[in-house]
Amino acid sequence: MPKQRLSVVVTRRLPEDVETRLSELFDVKLRDDDAPMSREELVEAVRDADVLVPTLSDRIDSTLIAQAGERMKLIANYGAGVDHIDVSTARQRGILVSNTPGVSADDTADMATALILSVTRRIPEGLNRMQSGTWDGWAPTALLGGRVSGKRLGILGMGRIGTAVARRAQAFGMQIHYHNRRRLRPEIEEQYEATYWESLDQMLARMDVVSVNCPHTPSTFHLLNARRLKLLKTGAVIVNTSRGEVIDENAMVRMLKAGEIAGAGLDVFEHGNEVNPDLREMPNVVLLPHISSATVEGRIEMGEKVIINIKTFDDGHRPPDLVVPAML
């Protein structure tokens, strides 16, 4: 008798190739549109399915997990970050959680580099003049930006993405500095000519550009709080392609308006898609709609990791990208 296929619910539209492969392997319920699931739909999914495939737009909290049926055994997250999932409660209920690490490091690092250049070289301001028809020709003092070569880049979180940012910044001639939970091996520091700072405060006070590349966890919430932001030089630039909650956004806005920080390049925001309106009005701030990992190749690779995690679990083995509370 053939084995019964796993019941899998996917909460958002995924690339067509990924959805097709999921349909070939499992009894999968796909979305007809790209709107996030309602709370009621999520409750129905965890009650009836074996596997849930959520994204960062889904809040998989303890209240939702408490309503999971006996069949629910795996939350196969489509994405590396799992701060939207209560991993501890899931484990207590016997539900495994997996993610898709290592896929978007290069894509995100590309965007961090683009934001560094966009802010320091005032690219959006120049683009606006061209598109509005207000450019009246070259001038020696028009839209003067700053050179990145020789500047100090402070990387907050030197994991896969932070290391990829360092590799790109090194090619631009920037000096690499970093703060991390654990110091890197000497050969890696030597490769990037990177200076390790045990004290985040001391690093921040000396940097020209700060790139936020750490995950959002309880310990990193508002890691860049008002006090730490005050340590930055007035000519410093902040770039965040990680999670908005790492920065006290209101404090950052106040300092940007006061000229106490030179600029910011942001792909993520503290309150999701609710962007502080003051940020939209500042010419020295570049805003993007959370697209650092948005490449066709990256999205397909993420889907492939989800499929491998589910298939490995279905075969009776530990998913290769299993998330445990100790990792958070």
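Data block above holds the structure.
Residues numbered from 1 in each chain as written. Predicted model: local features only at pLDDT ≥ 70, side-chain atom pairs only at ≥ 80, totals over all residues. Heavy atoms only, no water.

A.B. asks: Please set out the overall build of the protein residue by residue, giving values where relevant.
C.D. replies: The helix and strand tally for the protein stands at 13 helices and 13 strands. Along the three orthogonal principal directions, the C-alpha set of the protein runs to about 80 × 50 × 35 Å. With 328 residues in all, the protein has 50% of them scored as buried. Contacts in the protein between residues far apart in sequence, at least 24 positions, make up 59% of those at least 6 positions apart. Taken as a whole, the protein presents about 16,700 Å² of accessible surface, with 50% of it coming from carbon and sulfur. (Helix = DSSP H or I, 4+ residues; strand = E, 2+ residues; numbered from the N terminus. Buried < 20%, exposed > 50% of the residue type's maximum accessible area, 1.4 Å probe, protein only. Contact = heavy atoms within 4.5 Å. Areas by Shrake-Rupley, 256 points an atom, 1.4 Å probe, with all protein chains shown as cover.)

A.B. asks: So what's going on with the nonpolar core? Which residues, and what values?
C.D. replies: By size, the foremost hydrophobic cluster in this structure holds 30 residues, and its most contacted members are Leu229, Leu232, Met252, Leu256 and Leu279. Of all the secondary structure elements, the ones that give two or more residues to this core are α9 (200–204), β9 (209–212), α11 (249–257) and β11 (263–266). In this structure methionine 252 touches Leu229, Ile238, Ile247, Ile261, Ala264 and Leu266, once residues within four positions along its chain are discounted. Counting 25 residues, the second-largest nonpolar core is a separate cluster that includes Ala112, Ile116, Val209 and Val286. (Core = buried A, V, L, I, M, F, W, Y, C linked by side-chain atoms within 4.5 Å.)

A.B. asks: Got a sec to walk through the environment of valine 209? Specific residues and values, please.
C.D. replies: In this fold, valine 209 is placed in strand β9. Judged by relative accessible area, valine 209 falls into the buried class, the value being 4%. Once the C-alpha coordinates of valine 209 and glycine 235 are considered, the two residues, 26 residues apart in sequence, prove to be 8.8 Å apart. When near neighbours in sequence (up to four residues on either side) are disregarded, valine 209 contacts Ile116, Arg152, Leu153, Gly154, Met174 and Val237.

A.B. asks: Report on the packing of helix α1 (residues 16–25) against helix α13 (residues 296–314), specifying residues and quantitative values.
C.D. replies: Look at α1 against α13: their axes get within 9 Å of each other, and the N-to-C directions meet at 15 degrees. Regarding the angle of α1 to α13, the classification is roughly parallel. Relative to α13, the crossing made by α1 is right-handed. Contact with α1, carried on its side by Asp17, Val18, Arg21, Leu22 and Leu25, involves Arg299, Ile300, Gly303, Ile307, Ile310 and Lys311 of α13 and no other residues of that element. Here the contact of α1 with α13 is composed, by residue class, of 6 nonpolar, 1 polar and 4 charged. (Axes fitted to C-alpha atoms, helices over the stretch in contact; angles between N-to-C directions. Parallel < 35°, antiparallel > 145°, perpendicular 65-115°, else oblique. Left-handed = near helix turned anticlockwise from the far one by under 90°. Nonpolar A, V, L, I, M, F, W, Y, C, P; charged D, E, K, R; others polar.)

A.B. asks: Give me the pairing of strand β6 (residues 152–156): which residues, what numbers.
C.D. replies: Within β6, 4 of the 5 residues are buried, leaving the element largely enclosed by the surrounding structure. Taken together, the 5 bridges between β6 and strand β7 (residues 175–179) define a ladder with parallel strand orientation. Residue pairing across strands places leucine 156 opposite histidine 179, the latter belonging to β7. Following the chain from β6 across helix α7 (residues 160–171) to the adjacent parallel β7, one finds a crossover that is right-handed. Examined bridge by bridge, β6 and β9 share 4 bridges and lie parallel to one another. Counterpart to leucine 156 in the pairing with β9 is valine 212. (Pairing = 2+ DSSP bridges. Right-handed = clockwise from strand over helix to strand, strands pointing away.)

A.B. asks: Provide a residue-level description of the pattern of salt bridges, including the pertinent values.
C.D. replies: Inspection of the entire model under this criterion finds 22 salt bridges. Aspartate 321 is the salt-bridge partner of lysine 305, the closest N and O atoms lying 3.6 Å from each other. Taken together, the residues lysine 305 in helix α13 and aspartate 321 in the loop between α13 and β13 (322–323) connect sequence positions 16 residues apart. Under the relative-accessibility criterion, lysine 305 is labelled partly exposed at 23%. A residue is classified by how much of its surface remains accessible, and aspartate 321, at 11% relative accessible area, is buried. Here the salt bridges share partners, and the residues they tie into one network are Asp106, Asp110, Arg167 and Arg168. (Salt bridge = Lys/Arg side-chain N within 4 Å of Asp/Glu carboxyl O.)

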